[in-house]
Amino acid sequence: MNKTEQAEHYTFQLSDKVSREKVTFKNRYGIMLTGDLYVPKKHGNEPLAALAISGPFGAVKEQSSGLYAQTMAERGFATLAFDPSYTGESGGEPRNVASPDINTEDFSAAVDYLGLQQFVDRNRIGIIGICGFGGMALNATAIDKRVKAVATTSMYDMTRVMSKGYNDMVTLEQRSQMLEQLGQQRWEDAEKGTPAPSSRNLPKKLEGNEPQFIVDYFNYYHTPRGFHANSINSNGSWTATNPLSFMNMPLLTYIKEISPRPMLLIAGEKAHSRYFSEDIYKMAAEPKELMIIPNAVHVDLYDKVDIIPFDKLETFFKEHLK
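Definitions and cut-offs
Residues numbered from 1 in each chain as written. Predicted model: local features only at pLDDT ≥ 70, side-chain atom pairs only at ≥ 80, totals over all residues. Heavy atoms only, no water. Pairing = 2+ DSSP bridges. Helix = DSSP H or I, 4+ residues; strand = E, 2+ residues; numbered from the N terminus. Axes fitted to C-alpha atoms, helices over the stretch in contact; angles between N-to-C directions. Contact = heavy atoms within 4.5 Å. Buried < 20%, exposed > 50% of the residue type's maximum accessible area, 1.4 Å probe, protein only.

A. Spotlight on the sheet that holds strand β5 (residues 120–130). Strand order in the open sheet made by the 8 strands is β1-β2-β4-β3-β5-β6-β7-β8, with mixed pairing throughout. Looking at which strands have only one partner, the edges of the open sheet turn out to be β1 (18–26) and β8 (288–293). Pairs of neighbouring strands in the sheet enclose a mean axial angle of 20 degrees, with direction left out of account. One ladder, built from 9 bridges, connects β1 with strand β2 (residues 32–40); its direction is antiparallel. Pairing of Val18 across the sheet is with Pro40, part of β2. Sitting on the sheet, helix α2 (residues 64–74) touches β1, β2, β3 (48–54), β4 (78–82), β5 and β6 (147–153), and the angle it makes with β4 is about 175 degrees. The strands that helix α3 (residues 100–115) touches are β1, β2, β3, β4, β5 and β6; relative to β5, the one it contacts most, it runs at about 150 degrees.

B. Highlighting unusual backbone geometry. Residue Pro94 is bonded to the preceding Glu93 through a cis peptide linkage, with omega at 0 degrees. Tracing the sequence through the fold places Pro94 in the loop between β4 and α3. Cis geometry marks the peptide bond from Ser259 to Pro260; its omega dihedral reads 10 degrees. Mapped onto the secondary structure, Pro260 falls in the loop between α9 (244–247) and β7 (263–268). With a phi close to 70 degrees, Tyr86 is a non-glycine residue in the positive phi region. In this model, Asn295 sits at a positive phi of 65 degrees, which is unusual for a non-glycine residue. When you line up the elements, Asn295 lands in the loop between β8 and α11 (300–303). Using a relative accessible area of 52% as the deciding quantity, one classes Asn295 as exposed.

This is how it looks when you write it as structure tokens:
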């Protein structure tokens, strides 16, 4: 595909019930973000409730977040799916960098944009975060009182998994060794003037000995089902030093401050990431709800519309964005 075709490629068909418009807006750090604004074609004259949507971590708006945005627009919301800073069509240099602070800010910048639209009721704005951007969505809601409700699907706490590994299995010695290596990599990057890439997020092909969740990721990002040339998970890697800002910044320290605004956490019964949602549910204050989808794995909630509980998401946001 040429660059135009790459940019115009979506992993889902555009619905005839919505309009889609590419938009740009700046975050508080001056980074220009690019998103797709979805609006139901038949919405009357009353201002709409709106949703800012992003994720998964390493994905772009033409993948899962766009599908969520379109589906929720079909159900009566104005929605904005956006590429986070330093990724996709959004700005920021160097490329392929993430930050718990800046990516939290990206959600608030999306709320800025939505609240300035005449057809949006700025007092009825919510957030949906998918995978690693579920944690960012919760953090954004904690700090941004303009957000009236938040939902996550297949949520990851990226600061926890990067600093402690899956199921918190990284030892203090291993963590210290990792930080030593990252410090040395910084010297190399500083000398060369450009950040080195890490190893690819996913293998180019499966060897047959990978954990099942890696197979599941591969079957989304590296097949026509979910591949997009702009997606780091499909076609590239983060910078080698990307974990640094996540290593000592607990993302969800202020989770209780989302209350009294409502929280909905959705996870697959068989998802390797399920424990993130369960632990956050225990930490959070009311009102909160944990919904476990029977037999679903992590990536099922990326794009399987017969498994993603869109009816529940519609009910949740219509009830709490009144």
